[in-house]
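Here are the chains, one letter per residue:
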Amino acid sequence: MEPEELQKAWKELNERVGQNELVHQQQIIEMLSRQKESCLQKMIRVDKAACLLILGATILILVDFIHLNGQLLYWPVCFGLLFYALGVNFTCLMLLVKIKKETNLEVQIKNVLRYKALINRSYIIGYLLVIPFIGVLLYTYRHLWWFTFIICTLMLIGILTDYFLFHYFSDKIKEFTRVNKELMELKDKKY
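Since this is a predicted model, take the numbers as computed values, not measurements.

What counts, and where the lines are drawn
- Residues numbered from 1 in each chain as written.
- Predicted model: local features only at pLDDT ≥ 70, side-chain atom pairs only at ≥ 80, totals over all residues.
- Heavy atoms only, no water.
- Helix = DSSP H or I, 4+ residues; strand = E, 2+ residues; numbered from the N terminus.
- Buried < 20%, exposed > 50% of the residue type's maximum accessible area, 1.4 Å probe, protein only.
- Contact = heavy atoms within 4.5 Å.
- Areas by Shrake-Rupley, 256 points an atom, 1.4 Å probe, with all protein chains shown as cover.
- Salt bridge = Lys/Arg side-chain N within 4 Å of Asp/Glu carboxyl O.
- Core = buried A, V, L, I, M, F, W, Y, C linked by side-chain atoms within 4.5 Å.
- Expected span 1.5 Å × (residues − 1).
- Polar contact = N/O pair within 3.5 Å; in protein donor to acceptor, adjacent residues only side chain to side chain.
- pLDDT = per-residue confidence, 0-100.
- Patch = residues over 30% accessible without salt bridge, like charges linked within 9 Å, V, L, I, M, F, W, Y side chains within 5 Å.

(A) Seen up close, the overall build of the protein chain. Broken down by element type, the protein chain carries four helices and zero strands. Reading the protein chain from its N terminus to its C terminus gives the helix and strand order α-α-α-α. Residues counted as buried form 27% of the 191 residues belonging to the protein chain. Put simply, 80% of the contacts in the protein chain that link residues at least 6 apart link residues at least 24 apart. Per element, the accessible surface of the protein chain, about 13400 Å² overall, is 67% carbon and sulfur.

Put into structure tokens, the structure is as follows:
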């Protein structure tokens, strides 16, 4: 083989390798983008379900309050706690929708970290509000063993649900952040 032919063959081989790397890199970017969207959709779906559940509980207590002609003793506190939970979940849902619409990966990471901070603060504040209320409720109705049993069972279910939701969202946030960082690195290499 002549040196010119060898250089030409070498140049063609380099172009093919470069094209294959670009195609491979593009496939990785598409896969990571789908993974990120899937993660975000799952978080939005869970937040929507939580909003609907809290809204349903609020309507149920409102109907009971109307049916009992306002005799529900702790109705203002119940409504306050439910409206707090509904407000936090709605705010989280709006933040997730904002993250979904955002195209800048760095801004997405900042917003998802803001979302994580909001969730953490809402759990702390929520438990600081709910625990004294439950304590007063159990003390007031301590003579009703069935009521105490129901409240304790609901508390256990609520705590377990919060535990699993907290870890579910933490895992999704970590995954989302990791994928966004990988996408940023790949896009920086590309350009």
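(B) Region of interest: the side chain of Thr-58. Mapped onto the secondary structure, Thr-58 falls in helix α1 (residues 3-67). Other than its neighbours up to four places away in sequence, Thr-58 contacts Phe-79, Leu-82 and Phe-83.

(C) Examining the pattern of salt bridges more closely. Counted by the stated rule, this structure contains two salt bridges. Its salt-bridge partner being Glu-175, residue Lys-172 comes within 3.8 Å of it at the nearest N-O pair. Placement of the pair is Lys-172 and Glu-175 together in helix α4 (residues 145-190), with a separation of three residues, close to one helical turn. For Lys-172, a relative accessible area of 12% gives the class buried.

(D) Representation of the nonpolar core within the structure. If you look at the biggest cluster of nonpolar residues, it comprises 18 residues, and the most contacted ones within it are Leu-40, Met-43, Leu-96, Ile-99, Tyr-115, Ile-119 and Phe-176. Of all the secondary structure elements, the ones that give two or more residues to this core are α1, α2 (75-101), α3 (105-140) and α4. With residues up to four places along the chain from it excluded, the contact list for Leu-96 reads Leu-40, Met-43, Ile-44, Asp-47 and Tyr-115. Within the second largest apolar cluster, eight residues are counted, among which are Tyr-74, Cys-78, Leu-81 and Ile-134.

(E) Up close: α2. With 27 residues, α2 should reach 39 Å at 1.5 Å per residue; the first-to-last C-alpha distance of 38 Å fits that figure. Listing the buried residues of α2 in full gives Cys-78, Phe-79, Leu-81, Leu-82, Leu-86, Val-88, Asn-89, Cys-92, Leu-93, Leu-95, Leu-96 and Ile-99.

(F) Representation of the environment of Gln-108 within the structure. Mapped onto the elements, Gln-108 comes out in helix α3. Sequence-wise, Gln-108 and Leu-96 are 12 residues apart; in three dimensions their C-alpha atoms are separated by 9.5 Å. Beyond its immediate sequence surroundings of up to four residues, Gln-108 is in contact with Lys-36, Ile-99, Glu-102, Phe-176 and Asn-180. At 3.1 Å, the side chain of Gln-108 and the side chain of Asn-180 are in polar contact.

(G) Highlighting the confidence of the model for the protein chain. In this model, the protein chain carries a mean pLDDT of 83, and residues with pLDDT of at least 70 account for 86%. Mean pLDDT across the elements of the protein chain ranges from a minimum in α1, with 77, to a maximum in α3, with 89.

(H) Representation of the environment of Glu-37. As for its position among the elements, Glu-37 is in helix α1. Along the sequence, Glu-37 and Lys-100 sit 63 residues apart, while their C-alpha atoms lie 7.8 Å from each other.

(I) Just a nonpolar patch on the surface, in detail. On the surface, Trp-145, Trp-146, Phe-149, Ile-150, Leu-154 and Ile-157 cluster together into a nonpolar patch covering about 720 Å² of accessible area. As for its position among the elements, Phe-149 is in helix α4.

(J) Structural view of α3. Compared with an ideal rise of 1.5 Å per residue, which puts 36 residues at 52 Å, α3 spans 52 Å between its outermost C-alpha atoms and is within 8% of the ideal. The N-cap residue of α3 is Asn-104: its side-chain oxygen and the backbone nitrogen of Glu-106 are 3.0 Å apart.

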